[in-house]
Amino acid sequence: MSALAFAALARASQTGTGGTGLFADLAQQKFPATVRIVYSSGYEQFGLGAGSYIADSLANPQLVLDHPRFAFTDAGGRSFRLFAPDGSIAVEQGGAKGSADINDQPSIQAAIDYAAAVGIETVEFAQPHYELWATLRSSAAGDPNASDGHYLVIGSTLTLRGSAAQRTTLDCRSTTGRNMEDNWQDVGGAAWRGNGIFVKGDLGPSAPTNLSIDYLGLERLIFRGNAERTGNYTYPVDPVTGDGWDFSHKGFRIQDSFVGDIALTDTDFIGWKGEMFYIVGYSPRSIRAERCRMVTGNGNAWNVQADAPATIVDCEFGDCYQAAEALSQANATYRNVTFRDCDRIWMVGGRNPLPGFHYRWPNRDTSAAGPICRLEGCELRNVGQALIGSYVQGSLTTIDSQILLDCATLWAIEDCRLEIDAWLDQGSWVVPLAVNGPATLNTPVPTSPVGTFQQAVRNSHMTLRCHRTAEAAANDRHWAGPQWNGHLESNCSITVEFGEQSVDNPVRTADNPPVSFPLIVHDQVVTTQLFGASSSLWHGSVAASGIFTPRAALCATGVDDEATYDLHLPTAPTSGASFGYGEGQVIRIYKRGDAGALRFVRGSDPSFVVRQTRVLDANFDWIEFRWNNHGNRWEEHGFWTSAAV
């Protein structure tokens, strides 16, 4: 029921009623002691903000003094307050107009404050558009708990709900009603624009038994910050030009305070110079967002650095520096979420740090289930780098985007499993997937206890399918090759299947010789270009007998003279058996060109076995070996030659 229907409900349910006219008229009347509820026909104009007012134990002179927009004292000295029989009030009942060039911020904030004072849990917006002009900031710009200078401040259990036929826009402007792109306050030499919603829960070292904000809901609202994405990500924002990443201009902000459940439905934050949705420090009980958009700005769209279960469905984040800086440090599900048009994303689970450890160091309670961040049918579009960390699992479609697991950034990565359908459209030579373990295992992790070193990627598995749109194929756009580098444990794998791979670029490592060799699988891959007549990584020409060290599962080599060279294979990469090879690993070695020959002599070396001595003599000849972990050797798996037998 709309808050604007209060009067009719009150008249129907109460016997002692009285009053007429606008809200201001009620204070001029003297109501008999038998009248318990009075009603107005509007706040300042007929039909806008009508309401019922009750004389009860909460209605007293102090309430009138604190909330004059919602309570009054009549000519006889009796106090009345706005009555909410259905548990909700409307901002129009505090004087909001919903008209252009009128600042409704004081009326809306007053409604929020009154709701907190009398225990009302819903504030409605009946109009499609309201202007909110920035409030003055007198506290230090760096004070995280100061309540001044924000558009709206919430400190109690509350739902803000747009009840108009179309979603309600809260148009957040400067102190004089101008655009925020070129208007800001100077606070001690720092630029200040103000946060859209500043949530101030319970402060202190631990959560109280009864939270001040047990539930916070936002429904059918658009918070427009009126700032653009300029591509200047300098932090802090330049106090002269106002450009850069403005920490004071977040759409939604919770920092170091305790709250309960947070739920967003059909709610957008658009055009903010800092983060659009920001939770850091103490964790809420849970987070849920459905059909929400966080887009356009110089900061990050979605930043949840909190140990809170999260369910995010049918949402869109992007057109900013990072579409997401953190997804959740506890169990989280992101379903049908689009991340788009940004420099990068951090998709990391389990980032809640142990005391004294760097915040990028993964952590989990080993006595409980892992803090899995589940991705279900999510899409990355035009993302420079999607940094994937520990405990991230699920399915992704990428468009002109790169998936990157990088221990130089996240220090340690484990238990990651993704299925990736990668599409090339407007981009060219994009690396669809890169997995980078640390170069060494003795690199200290900064701001962590002595003896904490970067760890190898472990127990992580990627399945990649590369595709090109008709547009990309028509314009001869091609993928670059997937790659791995550094230390990956042998329990990791990269599978490329049922897709297009370009120009001599199978999954490969730039390390020469390889530090590690996870399980690499190619399955029904189509090569879109051929350089040198094979879809394999060129290993250069062999000039002497000895070891041939593969840097990909598909290798190619040649001979520059007419000699025949005898080859054998390594039984481990340079960092040892713990970093490869995986049971069942298959490698194929092609010979390019007709000069000379490559020979694997039966019984010549314990690193491999062949059914009989095999010779790669002509162009396109090849041999496959399969790794037998128990036998610690490569075994012939296939052979083809064009030479007469």
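Scroll up to find the structure.
Quick summary incoming for the structure in this document. Bear in mind the structure is a predicted one, so any value in this text is a computation, not a measurement.

### Focus on the nonpolar core
Core analysis: the biggest nonpolar cluster contains 143 residues, and F252, W302, F317, Y334 and F339 have the highest contact counts within it. A total of 8 residues in this core trace back to one element, the largest contributor, which is strand 26 (residues 373-388). Discounting chain neighbours no more than four positions away, the residues touching F317 are M294, V295, A301, W302, I312, A323, Y334, V337, T338, F339 and R340.

### Things to note about the pattern of salt bridges
Following the criterion strictly, the structure yields 35 salt bridges and no others. The salt bridge partner of E376 is R335, with a shortest N-O separation of 2.7 Å. Of this pair, E376 sits in strand 26 while R335 sits in strand 24 (residues 332-335), and the two are 41 residues apart along the sequence. Owing to a relative accessible area of 27%, E376 belongs among the partly exposed residues under this scheme.

### A few points about the sheet that holds strand 43 (residues 597-600)
Strand order in the open sheet formed by 4 strands is 39-41-43-45, and the pairing between neighbours is mixed. Only two strands of the sheet have a single partner each, and these edge strands are strand 39 (546-547) and strand 45 (614-616).

### Regarding the sheet that holds strand 46 (residues 622-628)
With respect to topology, 6 strands assemble into an open sheet ordered 38-40-42-46-47-44, the strand pairing being mixed. In this open sheet, the two strands that pair with only one neighbour each are strand 38 (537-542) and strand 44 (608-609). Relative to strand 47 (residues 633-640), strand 46 is paired through 7 bridges, and the arrangement is antiparallel. Looking at the pairing, E624 lines up with G638 of strand 47.

### Quick word on the packing of aromatic side chains
A complete count under the given rule lists 31 aromatic pairs for this structure. Taking 6.3 Å as the distance between ring centres and 70 degrees as the angle between the ring planes, the aromatic pair formed by F252 and F269 counts as edge-to-face. With a gap of 17 residues between them, F252 in strand 16 (residues 252-255) and F269 in strand 17 (residues 261-270) connect regions that are remote in the sequence. For the pair F252 and F269, one class covers both residues: buried. With a centroid separation of 4.9 Å and 15 degrees between ring planes, the pair formed by W302 and F317 is classed as stacked.

### Looking at the environment of A117
Within the secondary structure layout, A117 lies in helix 4 (residues 105-118). Taking the C-alpha atoms as reference points, A117 and L58, 59 residues apart in sequence, are found 9.2 Å from one another. Non-local contacts of A117, meaning those with residues more than four positions away in its chain, are made with L63 and H67.

### Brief notes about unusual backbone geometry
Note that the residue after Y235, namely P236, is joined by a cis bond; omega there is 0 degrees. Along the chain, P236 turns up in the loop between strand 15 (215-224) and strand 16. The linkage connecting G580 with the following residue, Y581, adopts the cis geometry, with an omega of 0 degrees. Positionally, Y581 belongs in the loop between strand 41 (564-568) and strand 42 (586-592).

### Regarding the side chain of E325
In this structure, E325 sits in strand 23 (residues 316-326). At 2.9 Å, the side chain of E325 forms a polar contact with the side chain of N303.

### Observations concerning the side chain of E316
By secondary structure assignment, the location of E316 is in strand 23. In this structure the side chain of E316 is engaged in a polar contact, spanning 3.4 Å, whose partner is the side chain of R293. Engagement of the side chain of E316 in a polar contact is seen with the side chain of R340, the distance being 2.4 Å. Beyond its immediate sequence surroundings of up to four residues, E316 is in contact with C292, R293, M294, V295, T338 and R340.

Parameters and conventions
- Residues numbered from 1 in each chain as written.
- Predicted model: local features only at pLDDT ≥ 70, side-chain atom pairs only at ≥ 80, totals over all residues.
- Heavy atoms only, no water.
- Core = buried A, V, L, I, M, F, W, Y, C linked by side-chain atoms within 4.5 Å.
- Buried < 20%, exposed > 50% of the residue type's maximum accessible area, 1.4 Å probe, protein only.
- Helix = DSSP H or I, 4+ residues; strand = E, 2+ residues; numbered from the N terminus.
- Contact = heavy atoms within 4.5 Å.
- Salt bridge = Lys/Arg side-chain N within 4 Å of Asp/Glu carboxyl O.
- Pairing = 2+ DSSP bridges.
- Phe/Tyr/Trp six-rings, centres within 6.5 Å; stacked < 30°, edge-to-face > 60°.
- Polar contact = N/O pair within 3.5 Å; in protein donor to acceptor, adjacent residues only side chain to side chain.

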